[in-house]
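Chain and residue survey
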Amino acid sequence: QGFEYGVDLLAGQTMDSGDVKVWNDAEVLYVQFEYVGPDCGSLELHLQVDEDAFSPDIFTKTGNPIPGQFEMSYKPGGCFTTHTFELNLADEGFEFDDTLVIAAHAALGQEKMIIIGDDVFIYYVEGETAWGCGVDNCYGFHGRNWATYFTYTVQEPPIPTPGEDIVVFNDINPFANGGMVNA
């Protein structure tokens, strides 16, 4: 794992309920949601990642984003606290130094319980909505709601230096021309 960038997962506009972390290696962009609030966690996640500007398909006519229209979602059927999305850089058309716009949305949940006789029933209800937002990297959409997004620059991973796991023979670095690892 290389450079990791993180923003807050803000619920109800101001309540820090976790983090959204973004990083990449040579092939994959990772976007990880981590919930740390008092309730049961997230019920569902929505993620949209585009280069420079968002696809117009994710907006209402008035400019509000529609999380259900985002390219990726995760809804396992109960509360969870962590999930990581993985996007193949080449498949998405992303290259090193590209600036990505990222809309990270979470529908947070609350666990409820009903007792009927000797039976206990647990169910989940949607609570606050949360968006990824950085202190110096938080932008609002053109609509009237408080949805936010942030940016991330795809990092070029460093070339490994010879060491314990990398062997250099005859002073030739096998990585110099797209070479090999532990061969």
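Residues numbered from 1 in each chain as written. Predicted model: local features only at pLDDT ≥ 70, side-chain atom pairs only at ≥ 80, totals over all residues. Heavy atoms only, no water.

**Focus on the overall build of the protein chain**
- On a plain count of helices and strands, the protein chain comes out with 1 helix and 10 strands.
- The linear arrangement of helices and strands in the protein chain, starting from the amino end, is β-β-β-β-β-β-α-β-β-β-β.
- Taken across its 183 residues, the protein chain has 39% of its residues classed as buried.
- Across the protein chain, the fraction of contacts at a sequence separation of at least 24, relative to all contacts at a separation of at least 6, is 60%. (Helix = DSSP H or I, 4+ residues; strand = E, 2+ residues; numbered from the N terminus. Buried < 20%, exposed > 50% of the residue type's maximum accessible area, 1.4 Å probe, protein only. Contact = heavy atoms within 4.5 Å.)

**So, unusual backbone geometry**
- A positive phi angle is found at Gln 13, which is not glycine, with a value near 80°.
- Here Gln 13 shows up in the loop between β1 (4–11) and β2 (15–24).
- For Gln 13, a relative accessible area of 45% corresponds to the partly exposed category.
- We note that Asp 97 has phi near 75°; this positive angle belongs to a residue other than glycine.
- Relative to the assigned elements, Asp 97 resides in the loop between α1 (89–92) and β7 (99–116).

**Remarks on the state of the cysteines**
- Using the criterion set out here, one finds 1 disulfide in the structure.
- Across the disulfide, Cys 133 is cross-linked to Cys 138 (sulfur-sulfur distance 1.8 Å). Because the sign of the S-S torsion sets the handedness, a value of about -110° for the bond joining Cys 133 and Cys 138 places this disulfide among the left-handed ones. (Disulfide = S-S within 2.5 Å.)

**Quick notes on a nonpolar patch on the surface**
- There is a patch of nonpolar side chains on the surface, built from Met 113, Ile 115, Val 120, Ile 122 and Tyr 124 and spanning about 510 Å² of accessible area.
- Judged by relative accessible area, Val 120 falls into the partly exposed class, the value being 48%. (Patch = residues over 30% accessible without salt bridge, like charges linked within 9 Å, V, L, I, M, F, W, Y side chains within 5 Å. Areas by Shrake-Rupley, 256 points an atom, 1.4 Å probe, with all protein chains shown as cover. Salt bridge = Lys/Arg side-chain N within 4 Å of Asp/Glu carboxyl O.)

**Describing the pattern of salt bridges**
- If you walk through the whole model with that rule in mind, you get 2 salt bridges.
- Of the charged contacts, one joins Glu 34 and Lys 21 as a salt bridge, the two residues approaching to 3.2 Å between their closest N and O atoms. Linking Glu 34 in strand β3 (residues 28–35) with Lys 21 in strand β2, this pair joins segments that are 13 residues apart in sequence.
- Here Glu 44 ties to Lys 75 by a salt bridge, and the two come within 3.8 Å at their closest N and O atoms. On the criterion of sequence distance, the pair formed by Glu 44 in strand β4 (residues 41–51) and Lys 75 in the loop between β5 (72–74) and β6 (82–88) is long-range, its members being 31 residues apart.
- Take Glu 44: its relative accessible area is 17%, and that puts it in the buried class.
- According to the relative accessible area criterion, Lys 75 is exposed, its value standing at 63%.

**A look at the nonpolar core**
- Counting 27 residues, the largest nonpolar core has Leu 29, Phe 33, Leu 47 and Val 49 as its most contacted members.
- Only β1, β2, β3, β4, β6, β7 and β10 (148–153) provide two or more residues apiece to this core.
- Discounting residues that sit within four places of it in the chain, Leu 29 has contacts with Val 22, Trp 23, Asn 24, Val 49, Phe 85, Glu 86, Leu 87, Leu 89, Leu 100 and Tyr 152.
- Grouped together as the second largest cluster of nonpolar side chains are 9 residues, Phe 54, Phe 70, Ala 103 and Tyr 149 included. (Core = buried A, V, L, I, M, F, W, Y, C linked by side-chain atoms within 4.5 Å.)

**Here's the deal with the confidence of the model for the protein chain**
- Mean pLDDT over the protein chain: 85, with 85% of residues reaching 70 or higher.
- Summarising per-element confidence for the protein chain, the mean pLDDT is lowest in strand β8 (residues 119–133) (84) and highest in β6 (97). (pLDDT = per-residue confidence, 0-100.)

**Examining the pairing of β10**
- Pairing between β7 and β10: 4 bridges, direction antiparallel. Of the residues in β10, the one forming a bridge with Ile 102 is Phe 150.
- With 2 bridges joining them, strand β9 (residues 139–140) and β10 adopt antiparallel strand pairing. Bridge pairing in β10 places Tyr 139 opposite Tyr 149. (Pairing = 2+ DSSP bridges.)

**Quick notes on the environment of Gly 12**
- Examined against the element boundaries, Gly 12 turns out to sit in the loop between β1 and β2.
- Along the primary structure Gly 12 and Trp 131 are separated by 119 residues, whereas in three dimensions their C-alpha atoms are 8.8 Å apart.
- Dropping the residues within four chain positions of it, Gly 12 is found in contact with Glu 128, Thr 129 and Trp 146.

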